[in-house]
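Understanding the architecture of this molecule
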Amino acid sequence: MMGPPWSRQPPAKLRAGSQGRAGQGAAGPPSARGQAGLLPSSGGRGGGRQRGAGGGCCPGRAGRPFHVCKRRRTPRPTRAAFLAAPMAFRARGWRPPPPPLLLLLLWVTGQGAPVAGLGSDAELQIERRFVPDECPRTVRSGDFVRYHYVGTFPDGQKFDSSYDRDSTFNVFVGKGQLIAGMDQALVGMCVNERRFVKIPPRLAYGSEGVSGVIPPNSVLHFDVLLMDIWNSEDQVQIHTYFKPPSCPRTIQVSDFVRYHYNGTFLDGTLFDSSHNRMKTYDTYVGIGWLIPGMDKGLLGMCVGEKRIITIPPFLAYGEDGDGHVAEGYHAGQCRYRPRSFPSLREFRWTVLLWIVCCLMRKDIPGQASLVFDVALLDLHNPKDSISIENKVVPKSCERISQSGDFLRYHYNGTLLDGTLFDSSYSRNRTFDTYIGQGYVIPGMDEGLLGVCIGEKRRIVVPPHLGYGEEGRGNIPGSAVLVFDIHVIDFHNPSDSISITSHYKPPDCSVLSKKGDYLKYHYNASLLDGTLLDSTWNLGKTYNIVLGSGQVVLGMDMGLREMCVGEKRTVIIPPHLGYGEAGVDGEVPGSAVLVFDIELLELVAGLPEGYMFIWNGEVSPNLFEEIDKDGNGEVLLEEFSEYIHAQVASGKGKLAPGFDAELIVKNMFTNQDRNGDGKVIAEEFKLKDQEAKHDEL
């Protein structure tokens, strides 16, 4: 992933009191009094005055321009040495506009009146051309500053400019690294303040000047824009501008975090942003993966908190700055480290992000203070387990879920910052799964154990028990997941039906059995109380023959051995109900069903395997009685008329709950053994196994 500028090991810290790398390792401007050169505000590499063997002020080192030393005269620098410009890095700073545009700019921003004696010397003239509305700190002696400047003579002729070198000038103030006038003029400036400074010769290069560049006794004009300021005693500054009402946990050392940030310099210039990449930055805190200042600045943050972290350069990238971005990107050159892609779409998306990086990223110059506006989205520790918060627990909880159970539950899935990534409610269907068997992520497998039907709980799953570093779909890698679940029902494949009798009449001797014809009322609901159906609402009973397959198997079992007037509750697991498919639009798949039943009527059925029986003795001349016309053949019409007459007279009985005509037709078909549509005496037979109750 594309990372922020602090994602690599920073250079060694700048030691307190060090002169730093003031001139970016090149010749300094004419106002310098350091060995880095003589350009107008250079502090030089190493800064300060260097002492030779004699202990006095000495010339610059071999290969570097000379500086002016009051206590002993040194050779004047050549014009070539004077004009050597630092080109150590490319800073994308402001460049001075052409004269007409410059005049317009000064008119828009406003020209402050010249202020003589604003510095410590009365001859020094300082004009504050622009002062920002906010000025949290000003330059003091001993501070390190980064600024742009344009140096001109009173007639407007330019003799030097930091803009021409594409780099700010970096130097300590008040330590003799600058000409006296510039040392004084910088004191009291704010970041983004612009000053016009007139320096008399005695506070500049005096009667000697600089050969070929600055004539003797020259008044020097400097247009200065301050970009950065820090002190070797500075620490990380933290300003929290939003903190959520609830903060159950804060960042500790070794935690893993996901956050968004905007990275700017002190002057407000954006150098990097995770928002531009549309992806958080993910890292461990406090183990050296970040620059020291960011490691410190992130500690103590809450998820949802927003803070501004200001880091001095010796806790950031120090003297060398940075032009690299971790995870395959280089800020200056936008180099990409190739890797494999599962799809062409991902490859194209990565290339697009790479292009955005190239357009938006800026190198970090040496000695730059950094300001990060950070919003923390996620936080966990590799040692974390899941956390469970019970929201609603039913008063009655006869059973809790165990490994191997099958659950139906609703859920909302969010990230720690509240971003919704999935919801069963939006699909209007529960999520159904076995638990404890690896069908869901490990965190949910664990979090769903021990729940009651109807319970609501929050399960927080760290990424190593969720979707890990890769993530899935719209779930980012290394994301902590929050599931708010509502358990609708659960069962185990080994479950049978559950019967609870609420009322039995005093006389409960006749019990229902297979083949009986029953009339009953019921309310059908889910385990969470959702009503599915009710015969009371319809105003009519439900009528079945027990054991005939007219109801689901669990209901058939639940109606047995019940007497008229009895009331009971039957709980039916889905494998004895409507199974995984359910009934479209009526019963959800894999649903446990609850039936509240009242038996109103029971008609005793026939013995198993019989559809008609005789209530008395069977006539020995039965065939002749049925064959009324005496032609030796019985047709369906004759057979049906005779059977119905026997039932009407009470001599015979058809199986209750079935279509009488269909039963009679089946009986006739059984007797018509050759299938010619008529029964003759040779075909007509009774069952021998019944002594008293023979079936045709």
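Residues numbered from 1 in each chain as written. Predicted model: local features only at pLDDT ≥ 70, side-chain atom pairs only at ≥ 80, totals over all residues. Heavy atoms only, no water.

**Let's talk about empty space enclosed by the protein**
- Enumeration over the complete set of coordinates arrives at 2 cavities of 30 Å³ or more.
- Its boundaries defined by the atoms lining it, the second largest cavity holds a volume of some 30 Å³.
- Taken together, Phe623, Ile626, Val634, Phe639, Phe668, Gln671, Val679 and Phe684 make up the full set of residues lining the second largest cavity.
- For the lining of the second largest cavity, the secondary structure elements donating two or more residues are helix 11 (622-626) and helix 13 (660-671). (1 Å grid on protein atoms, 1.4 Å probe; cavity = no way out; pocket = protein on both sides within 12 Å on 5 of 7 lines; lining within 4 Å. Points joined across faces, edges and corners; volume = space filled by probe spheres on them. Helix = DSSP H or I, 4+ residues; strand = E, 2+ residues; numbered from the N terminus.)

**What to know about the side chain of aspartate 228**
- Examined against the element boundaries, aspartate 228 turns out to sit in strand 7 (residues 220-230).
- Polar side-chain contacts of aspartate 228 include one of 2.6 Å to the backbone nitrogen of serine 369.
- In this view, aspartate 228 contacts Phe144, Val145, Arg146, Val191, Leu266, Gln367, Ala368 and Ser369; residues no more than four positions away in its chain are not counted. (Polar contact = N/O pair within 3.5 Å; in protein donor to acceptor, adjacent residues only side chain to side chain. Contact = heavy atoms within 4.5 Å.)

**Here's the deal with the packing of helix 12 (residues 636-649) against helix 13**
- One can describe the packing of helix 12 onto helix 13 by two numbers: an axis separation of 10 Å at closest approach and a directional angle of 125°. The angle between the axes of helix 12 and helix 13 places the two elements in the oblique class. In the crossing of helix 12 with helix 13, the sense of the turn from one axis to the other is right-handed. Contact residues: helix 12 offers Leu636, Phe639, Ser640, Ile643 and His644, while helix 13 offers Ala660, Glu661, Val664, Lys665, Met667 and Phe668. (Axes fitted to C-alpha atoms, helices over the stretch in contact; angles between N-to-C directions. Parallel < 35°, antiparallel > 145°, perpendicular 65-115°, else oblique. Left-handed = near helix turned anticlockwise from the far one by under 90°.)

**Here we look at the UniProt feature "domain: EF-hand" (unreviewed entry) in the protein**
- Per the UniProt annotation, the sites labelled "domain: EF-hand" (unreviewed entry) are residues 614-649 and 659-694.
- Segment residues 614-649 splits into 53% helix and 8% strand. End C-alpha atoms: 11 Å apart. (UniProt positions renumbered as here; feature names shortened; annotations may be inferred.)

**Quick look at the side chain of threonine 152**
- Relative to the helices and strands, threonine 152 resides in strand 3 (residues 144-152).
- Looking at threonine 152, the relative accessible area reads 15%, which means it is buried.
- With near-sequence residues (within four places) excluded, threonine 152 lies in contact with Gln157, Lys158, Phe159, Val219, Leu220 and His221. (Buried < 20%, exposed > 50% of the residue type's maximum accessible area, 1.4 Å probe, protein only.)

**Describing the environment of asparagine 381**
- Within the secondary structure, asparagine 381 is located in the loop between strand 15 (370-380) and strand 16 (387-392).
- Take asparagine 381: its relative accessible area is 10%, and that puts it in the buried class.
- Ignoring anything within four residues of it in the chain, the contact list for asparagine 381 reads Arg249, Val253, Ser254, Asp255 and His464.
- A polar side-chain atom of asparagine 381 sits 3.1 Å from a polar atom in the side chain of serine 254.

**Quick look at helix 13**
- In a regular helix each residue adds 1.5 Å, so 12 residues correspond to 16 Å; helix 13 covers 17 Å between its end C-alpha atoms and thus fits that length.
- Taken together, the buried positions of helix 13 are Ile663, Val664, Met667, Phe668 and Gln671. Buried residues of helix 13, viewed axially, fall in a sector of 135°; they line one side.
- Packed against the buried residues of helix 13 are strand 28 (612-614), strand 29 (633-634), helix 12, strand 30 (652-654) and strand 31 (679-680).
- N-cap assignment for helix 13: the residue whose side-chain oxygen lies 3.0 Å from the backbone N of glutamate 661 is aspartate 659. (Expected span 1.5 Å × (residues − 1). Arc of directions from axis to C-beta.)

**Some words on helix 12**
- Between its first and last C-alpha atoms helix 12 spans 20 Å; for 14 residues at 1.5 Å apiece the expected length is 20 Å, and the two agree.
- Of the positions making up helix 12, those classed as buried are Glu638, Phe639, Ser640, Tyr642, Ile643 and Gln646.
- On its buried face, helix 12 is in contact with strand 28, helix 11, strand 29, strand 30 and helix 13.
- Looking one or two residues beyond helix 12, the residue adopting positive phi is glycine 650, at roughly 85°.

**Side note on the layout of surface pockets**
- Estimated volume of the second largest pocket: approximately 740 Å³.
- The wall of the second largest pocket is formed by 32 residues, among which Pro248, Val303, Leu416, Val460 and Val482 lie closest to the centre.
- Counting only elements with at least two residues in the lining of the second largest pocket, the list comes to strand 15, strand 16, strand 17 (406-415), strand 20 (456-461) and strand 21 (481-491).
- The greatest single-element share of the lining of the second largest pocket, amounting to 5 residues, is contributed by strand 15.
- Its residues placed into classes, the lining of the second largest pocket shows 17 nonpolar, 7 polar and 8 charged. (Nonpolar A, V, L, I, M, F, W, Y, C, P; charged D, E, K, R; others polar.)

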